[in-house]
Amino acid sequence: MDNSGLRENGAGTTGKPTVCFLGPVASYTHQATLDTFSEEKFDLIPVETIKDIFTTTQSGRADYGVVPFENSSNGSVVFTLDQFADRAAAFPDLSVCAEVYLDVHHCLLGRSQPRSPSSSSSALPLKAPLLHDVSHVRRVYSHPQAFGQCVQFLRGSLRGVETIDVSSTSRAAELARADASGESAAVSSAAAAQLLNLDVLARNIEDRDDNTTRFFVLRRGGTNNDSGNEPEWLEERRRQRRAAAAAATPSPEEDEDAPREGTAEDEPKAPAYSHAKSLASFTVPHRHPGALADVLDCFRRARLNLTSISSRPSLAAPFRYVFFVEFEGHRADDPEGRVRRVLEDVARVASTSRWLGSWESMR
């Protein structure tokens, strides 16, 4: 891992707070980082792997870390979930403090060559027509998540071409550039093409037009910080989001679907809970019937909406799992004590449990 630009206390070489992200520069994680952290106020430092982001932030060499968490069409980023599982207890002080959504539009990058007389177009209808001939391409580099988001294009235009997993889409672009033969290509971003002077062989090759990736911002020391004394950038982010949500909410007189007095829908949804999310992990006794249901029932009793549930192998024994749940509510903004109670209840019912962060919901 390249630690250039990092100091032991988390300050960069300029003395500004440091944010690490999955590099190299021009990765989608870099773009999400730029959407959240101004380069005027923060030093942005690329690292090589998702694990490096966790390690660098936990060590204090970076104040924040930005990691990809899930994609709207290809699901959870398992490399990130594996670090949140923290099987070796290497990241006890890390928690999520913010989320970032990024619309992701992939390109096939490489070196264009004159069209081969023997080349033929795909027999399959293509969402993203080729801008250049790709008959010379023998291998394509990218992150596994990106490949999973471009299945139709790869099957239609590059059937039989070798796909090679690498640490990030921007690293894939670097490898394509390094191949002077032009036989290598990359599923990467338009920003990487511009930075590395690569040709865009095809544009918008993702399977779905609404392809979106959600990223988490990690910080150290947030696990016991319920005081509400948040950094300026995070408070400003919260104010902007809540102002936008308030402006978009119709008044009861305007909202035809608003519950009417005296109906079963009388109980309002507390804004403090619907405007925020939390993440927790837990394990349960594998052979105890209903053990998972008992944990999930804690959220029903607390009237906290579960927004997702996923799992990864715990590695404690074969086919044992760590479960992750996201739910509405914020541990530091909990006027009715629902989040506190549910975390206490889960701790009693589960074999192990851990709160992994709370943040302002951006959607």
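Since the structure is predicted, the reported quantities are computational estimates derived from the model, not experimental observations. (Residues numbered from 1 in each chain as written. Predicted model: local features only at pLDDT ≥ 70, side-chain atom pairs only at ≥ 80, totals over all residues. Heavy atoms only, no water.)

Enquirer: Go over the nonpolar core with me, naming the residues and quoting the values.
Expert: Judged by nonpolar contacts, the single largest core of 23 residues is most densely connected at F54, F84, F216, L279 and F324. When residues of this core are traced back to their parent elements, those giving at least two are β1 (18–22), α2 (50–59), β3 (64–71), α3 (78–85), β5 (94–103), β11 (212–220), β14 (321–328) and β15 (352–360). Not counting residues within four places of it along the chain, the set of residues in contact with F84 comprises F54, F69, V96, F216, L218, L279, F324 and L356. V295, L304, V339 and L343 belong to the second-largest nonpolar core, a separate cluster that totals 20 residues. (Core = buried A, V, L, I, M, F, W, Y, C linked by side-chain atoms within 4.5 Å. Buried < 20%, exposed > 50% of the residue type's maximum accessible area, 1.4 Å probe, protein only. Helix = DSSP H or I, 4+ residues; strand = E, 2+ residues; numbered from the N terminus. Contact = heavy atoms within 4.5 Å.)

Enquirer: Quick rundown of the pairing of β11? Include the residues and the values.
Expert: Most of β11 sits out of view: eight of its nine residues are buried. In this structure, β3 lies alongside β11, joined through seven bridges in antiparallel fashion. Looking at β11, one finds that V67 is bridged to F216. As judged from the nine bridges shared by β5 and β11, these two strands associate in the antiparallel manner. From the neighbouring strand, V96 faces β11, where its bridge partner is L218. (Pairing = 2+ DSSP bridges.)

Enquirer: Explain helix α11 (residues 338–349) residue by residue, including any values.
Expert: With 12 residues, α11 ought to run about 16 Å at 1.5 Å a step, and its terminal C-alpha atoms sit 16 Å apart, in line with that. Looking only at α11, the buried set comprises R338, V339, V342, L343, D345 and V346. Taken down its axis, α11 places every buried residue within 165° of arc, on the same side. (Expected span 1.5 Å × (residues − 1). Arc of directions from axis to C-beta.)

Enquirer: Got a sec to walk through the packing of aromatic side chains? Specific residues and values, please.
Expert: Counting across every chain of the model gives 13 aromatic pairs. Geometrically, the ring pair formed by F69 and F84 is edge-to-face, given 6.1 Å between the ring centres and 75° between the ring planes. Of the two residues, F69 is situated in strand β3 and F84 in helix α3; the sequence distance between them amounts to 15 residues. For the residue pair F69 and F84, the accessibility class agrees, reading buried in each case. (Phe/Tyr/Trp six-rings, centres within 6.5 Å; stacked < 30°, edge-to-face > 60°.)

Enquirer: Break down the confidence of the model for the protein chain for me, with residues and values.
Expert: For the protein chain, mean pLDDT is 89; residues scoring 70 or higher make up 85% of the total. Confidence drops under a pLDDT of 50 for residues 262–268, and excluding neighbours within four residues, the segment shows four contacts in the predicted structure. (pLDDT = per-residue confidence, 0-100.)

Enquirer: Could you give me a rundown of helix α6 (residues 169–178), with the residues and numbers involved?
Expert: Buried within α6 we find T169, S170, A172, A173 and A176. Relative to the axis of α6, the buried residues are bounded by an arc of 150° and lie together on one face. On the buried face of α6, the contacting elements are α1 (28–36), β6 (107–110), β7 (139–142), α4 (144–148), β9 (184–188) and α7 (190–196).

Enquirer: If you had to explain the side chain of S314 to someone new, which residues and values would you point to?
Expert: Relative to the helices and strands, S314 resides in the loop between β13 (306–313) and β14. Once residues within four sequence positions are removed from consideration, S314 is found in contact with R87, R320, Y321 and V322.

Enquirer: Break down the side chain of S189 for me, citing the residues and quoting the values.
Expert: Looking at where S189 falls in the secondary structure, it is placed in the loop between β9 and α7. Ignoring anything within four residues of it in the chain, the contact list for S189 reads A26, Y28, Q31, C107 and L109.

Enquirer: Report on the packing of α2 against α3, specifying residues and quantitative values.
Expert: Two elements in contact, α2 and α3, have axes whose closest approach is 9 Å; the angle formed by their N-to-C orientations is 35°. Every pair of crossing elements has a handedness; the one defined by α2 and α3 is right-handed. Residue-level contacts link I50, K51 and F54 of α2 to F79, T80, Q83 and F84 of α3. Tallied by class, residues from the contact of α2 with α3 come to four nonpolar, two polar and one charged. (Axes fitted to C-alpha atoms, helices over the stretch in contact; angles between N-to-C directions. Left-handed = near helix turned anticlockwise from the far one by under 90°. Nonpolar A, V, L, I, M, F, W, Y, C, P; charged D, E, K, R; others polar.)

Enquirer: Can you tell me about unusual backbone geometry, naming the residues and giving the values?
Expert: A negative phi holds for most residues other than glycine; trans holds for most peptide bonds. Of note, the bond from G23 into P24 is cis; its omega dihedral lies within 30 degrees of zero at 0°. Turning to its location among the elements, P24 is positioned in the loop between β1 and α1. A positive phi angle, close to 60°, is found at N197, a residue other than glycine. The exposure class of N197 is exposed, given its relative accessible area of 68%. You will see that N204, though not glycine, has its phi angle at about 55°, which is positive.

Enquirer: Could you give an account of the sheet that holds strand β10 (residues 199–203), with specific residues and numbers?
Expert: The five strands are arranged β8-β7-β9-β6-β10 in an open sheet whose pairing can be described as mixed. Every other strand in the sheet has two partners, leaving β8 (162–165) and β10 as the edge strands with one partner each. Between one strand and the next, the sheet's axes are offset by a mean angle of 30°, whatever the strand orientation. Relative to β9, β6 runs antiparallel, the two sharing three bridges. If you follow L108 over to β9, its bridge partner there is V187. Most of the contacts of α6 go to β9, to which it runs at about 160°, and overall it touches β6, β7 and β9.

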